[in-house]
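Structure assessment
So the chains spell out like this:
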Amino acid sequence: MDKETIKEVTFKSNLLEKAKQVLKQEFIGLDKIIDQLISYISAWYLFPQLQERPLIINLWGMTGVGKSALVKRLIELIEFENIHYYFDLGEVKGDKLNISNQLKDMVNIAPNQPSMIVFDEFQLARTISENNEELIEPNNRIIWKLLDAGKFEIDEAKYYKLQYLADEIMRLEFLIKKGVKSKNGRVTEQLAFFKTTSRNGNSSKDSIQKDGPDISELLIHPSYYLELWGFRMTNFRDPFEIEEHLLSLNETETLAFLNRVLNEYTTPTTIDCSKALIFNIGNLNSLYPMSSNYSIDLSADEFYKQSLKIGLSDVKRKLSGLFRHEQVARLGNNHIIYPSINEAQYQTFIALKLEDLSNQIQSNVGFKLSFDKAFKRYLFDLAVIPSLGYRPVLTSIDTEVQAHLGIMIQAVIKQKLDINEVCFWINNDQIIGTFKKGEEKIYSILLKMNPSRKTNKRDDGDIVTSLHEAGHILVTLILEGKIPEQVVCKSRDKQLLGFVYYKVDEALLNKKTLRAKLAGYLGGRAAEEIVFGKEYITAGASKDLKDATQLASKAVKLYGLGSQIGAFSNAQVKDDEIQNQQLESQIQYEIDEAYTLALETLRSNKKWLKKLSLKLLLLEKVNQHQLLEIFDELGIKPKDYQPTFNYTWEFMRMKV
């Protein structure tokens, strides 16, 4: 390499390394993601000239985990702000905002120029519907051409422009046929005839004014120079160069020039992005267990652990339900999978945002903000919904902290306070702001009543929920030997009841485990029936019934675990009414048998049902470790219920 190349590569390498360190400081807990991202782009960034097709990097994750923000910050740090293009596929619906129109902005990219292209909300470009039918989206086809070869064509021809140019060419052909000749853009023969047949329009306010002899002698009137410039002739920088060129031609050369303009205008423009780095950013929420659970009681750490198990094959299976096979192939293998956010990351994020807000307020109004431990915990409990990422945290900081800024400033003015700090803290059911000068407490105001304060009062709903969840736990433990990761029996969200969270696992599902899983789903309802009677079963089991029905349906129609072997996912009444009725009958049979099994299991172990319910009623929320301690206290031994059947062992025992 020559000295200039070495110098450039060294500069870029240092800039890339610095960008990596800055990203790790600003994006909490994403060190592995950032390392992976920088590794993918390093060759493109250092040696773009070696690239023959676009480098495609896909970032997948849940909503609100910082995918788009990370890419935007990377673009800034490696100094690509002026040569990057951002497209939000959620905003390109309709004729005026379709992706084809937006991609025209890239017409100025030079063939060998590296650039960055970002397609955000990429899942919305899906070509397969939820019913597994192909979607016809003509505007999106251009995306797949870009992802394939890095080149695509755009047709910018407008009908009214074509009509104008065609009329001008026909007029000129007629004049030449009648003997009109010109030199240097001016008519020299048949001038009288030319003047009587030429268009009698004066230059518009946007036309170029012409000095010198009578402009009526010009073969092409000056009022049309701007019109010709509108055809984007590649060899001309402005309308003045077009004028200069036309004033150097005779009549036949002028006609040839207009035909060339028409030919160039009707020829699609090829945009070459073969040196581009393309980011496809998308939300694949359904990849993540519990992603549809918006409970604020859901453990962020348990959610995080499960998200770490998601791999490339899981992503591609999900993508196959959104895009055609060849399109999934065009996305390549550079897939970066975001984990969900754990508790420590949320706490750090909250602390940093509060610090940023405090610094902004101090620079504007002269006092800083501080927050005691209890207030930070209150904010965490209020704001963190693991399935929704960081966005709810930001809005909660707005409402719980920033919204009080006005009343605090008014207090400073009215009371004429000399302070340098306002501390947020919690006292029983109150959120208080204390104004301080150094360590001295000068004044306090009530900012808000604390709605999350616990109450020891128990009601019928709490009792039913605790019993319901105990039913799930006991049936699943006894039939499958499984212990939940988390149990919530009293949600801080008044609109939600409790839930039991198990790791999602349908691997090696067989007829026996199917019946056990279905019984586990129905264990809550069975517990209510055993204790309160059929007449007092609550509607709280509606989601359990839905989950059980969906699993039974997949087992019968897809997995071949019913009485008929085959996949019947497309069975509809209109296709085969008899077959559909048979399948639905099998599904109902599996659910009925599972419910009977759940009832029998709980009746045989009724001694534990009430005791476990009482423990859950008092504790309200337990993790797996705490639940094991409860089992030990009640004399329940999980090891006694571990499955005894083992495929490997049965295979080894087989005699040859």
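Cut-offs used in this document
Residues numbered from 1 in each chain as written. Predicted model: local features only at pLDDT ≥ 70, side-chain atom pairs only at ≥ 80, totals over all residues. Heavy atoms only, no water. Helix = DSSP H or I, 4+ residues; strand = E, 2+ residues; numbered from the N terminus. Buried < 20%, exposed > 50% of the residue type's maximum accessible area, 1.4 Å probe, protein only. Contact = heavy atoms within 4.5 Å. Axes fitted to C-alpha atoms, helices over the stretch in contact; angles between N-to-C directions. Parallel < 35°, antiparallel > 145°, perpendicular 65-115°, else oblique. Left-handed = near helix turned anticlockwise from the far one by under 90°. Nonpolar A, V, L, I, M, F, W, Y, C, P; charged D, E, K, R; others polar. Patch = residues over 30% accessible without salt bridge, like charges linked within 9 Å, V, L, I, M, F, W, Y side chains within 5 Å. Areas by Shrake-Rupley, 256 points an atom, 1.4 Å probe, with all protein chains shown as cover. Salt bridge = Lys/Arg side-chain N within 4 Å of Asp/Glu carboxyl O. Pairing = 2+ DSSP bridges. Polar contact = N/O pair within 3.5 Å; in protein donor to acceptor, adjacent residues only side chain to side chain. Phe/Tyr/Trp six-rings, centres within 6.5 Å; stacked < 30°, edge-to-face > 60°. Lys NZ or Arg CZ within 6 Å of the ring centre and 35° of its normal. Core = buried A, V, L, I, M, F, W, Y, C linked by side-chain atoms within 4.5 Å.

Observations regarding the overall build of the protein
Regarding its fold elements, the protein presents 25 helices and 16 strands. The proportion of buried residues among the 656 residues of the protein is 46%. In the protein, of all internal contacts separated by at least 6 residues, the share reaching a separation of at least 24 is 72%.

Some remarks on the packing of helix H18 (residues 460-480) against helix H20 (residues 523-532)
The geometry of H18 relative to H20 is characterised by a closest axis approach of 7 Å and an angle of 120 degrees between their N-to-C directions. One way to sum up the angle between H18 and H20 is to call them oblique. You can see that H18 and H20 cross each other, and the crossing is right-handed. Two secondary-structure elements touch here, H18 through Ile463, Val464, Leu467, His468, Gly471, His472 and Val475 and H20 through Gly523, Gly524, Arg525, Ala527, Glu528, Val531 and Phe532. Grouping the amino acids of the contact of H18 with H20 by side-chain chemistry returns 7 nonpolar, 5 polar and 2 charged.

Considerations on a nonpolar patch on the surface
Together, Ile463, Val531, Phe532 and Tyr536 line one region of the surface with nonpolar side chains, adding up to about 390 Å² of accessible area. With respect to the element layout, Val531 can be found in helix H20.

Brief notes about the sheet that holds strand S1 (residues 55-61)
Each strand in a sheet pairs with its neighbour through backbone hydrogen bonds, running either in the same direction (parallel) or in the opposite one (antiparallel). Across the sheet, 5 strands lie side by side as S2-S3-S8-S1-S9; this open sheet has parallel pairing. Here the strands that pair on one side only, and so sit at the sheet edges, are strand S2 (84-88) and strand S9 (335-337). Taking the axes of each pair of neighbouring strands and ignoring which way they run, one obtains an average angle of 15 degrees across the sheet. Here 5 bridges tie S2 to strand S3 (residues 115-120), and the two strands are oriented parallel to one another. Residue pairing in the sheet places His84 in a bridge with Met116 of S3. Here helix H12 (residues 312-320) sits on the sheet and contacts S1 and S9; the angle it forms with S9, its principal contact strand, is near 105 degrees.

Section: the side chain of Thr254
Relative to the helices and strands, Thr254 resides in helix H10 (residues 251-266). We classify Thr254 as buried; its relative accessible area is 1%. Of the polar contacts made by the side chain of Thr254, one reaches the backbone oxygen of Asn250; its length is 2.7 Å. In this view, Thr254 contacts Leu172, Leu219, Ile220, Leu246 and Leu249; residues no more than four positions away in its chain are not counted.

Details of helix H3 (residues 67-77)
Within H3, burial applies to Lys67, Ser68, Leu70, Val71, Leu74, Ile75 and Leu77. Buried residues along H3 sit against helix H1 (3-26), helix H2 (31-46), S1, S2, S3 and strand S8 (276-283). Note on H3: the residue one or two positions beyond its end, Glu79, has a positive phi of about 60 degrees.

Thoughts on the packing of H18 against helix H19 (residues 511-521)
Relative orientation of the contacting elements H18 and H19 amounts to 165 degrees, with a least axis distance of 8 Å. Comparing the axis directions of H18 and H19 gives the class roughly antiparallel. Crossing of H18 over H19 shows right-handed handedness. Seen from H18, the contacting residues are His472, Val475, Thr476, Leu479 and Glu480; seen from H19, they are Ala516, Lys517, Ala519, Gly520 and Tyr521. Among the residues making up the contact of H18 with H19, the classes are represented as 5 nonpolar, 3 polar and 2 charged.

A closer look at the packing of aromatic side chains
Within the structure shown, the criterion is met by 20 aromatic pairs. Between Trp144 and Phe323 the ring centres are 5.4 Å apart and the planes differ by 65 degrees, which places this aromatic pair in the edge-to-face class. Of the two residues, Trp144 sits in helix H5 (residues 141-149) while Phe323 sits in the loop between H12 and helix H13 (325-330), which places them 179 residues apart along the sequence. One exposure class covers both Trp144 and Phe323, and it is buried. A ring pair is formed by Tyr164 and Tyr224, whose centres lie 5.7 Å apart and whose planes are at 45 degrees; its orientation type is tilted. Highlighted residues: Tyr164 in helix H6 (residues 159-177) and Tyr224 in the loop between helix H7 (191-197) and helix H8 (225-229), separated in sequence by 60 residues. Overall, the relative accessible area of 16% leaves Tyr164 in the buried class. Here a set of aromatic residues connected by ring pairs shows up, and it is made of Trp60, Phe87, Phe119, Phe122, Trp144 and Phe323. Sitting over the face of the ring of Tyr86, Lys72 holds its NZ or CZ atom 4.6 Å from the ring centroid. Across from the ring centre of Tyr595, 5.7 Å away, lies the NZ or CZ of Arg525, which sits over that ring.

A word on the nonpolar core
One finds Ile41, Phe122 and Phe279 to be the most contacted residues of the largest nonpolar core, which totals 106 residues. Among the elements that take part in this core, H2 stands out by supplying 8 residues, more than any other. Beyond its immediate chain neighbours, meaning those up to four positions away, Phe279 contacts Leu37, Ile41, Ile57, Leu59, Val71, Leu74, Met116, Ile117, Val118 and Phe119. In terms of nonpolar packing, the next biggest core, distinct from the first, is built from 47 residues, Leu509, Ala527, Ala552 and Tyr595 among them.

Observations regarding the sheet that holds strand S16 (residues 621-623)
Here 3 strands make up an open sheet; going across it, the order is S15-S14-S16 and the pairing antiparallel. The open sheet has two edge strands with one neighbour each: strand S15 (499-501) and S16. Strand-to-strand twist in this sheet, taken as the mean axis angle between neighbours without regard to direction, amounts to 5 degrees. Here strand S14 (residues 486-488) runs beside S16; their pairing, made up of 3 bridges, is antiparallel. Counterpart to Val488 in the pairing with S16 is Lys621. Contacts from helix H24 (residues 624-634) reach S14 and S16, with the element oriented near 95 degrees to S16.

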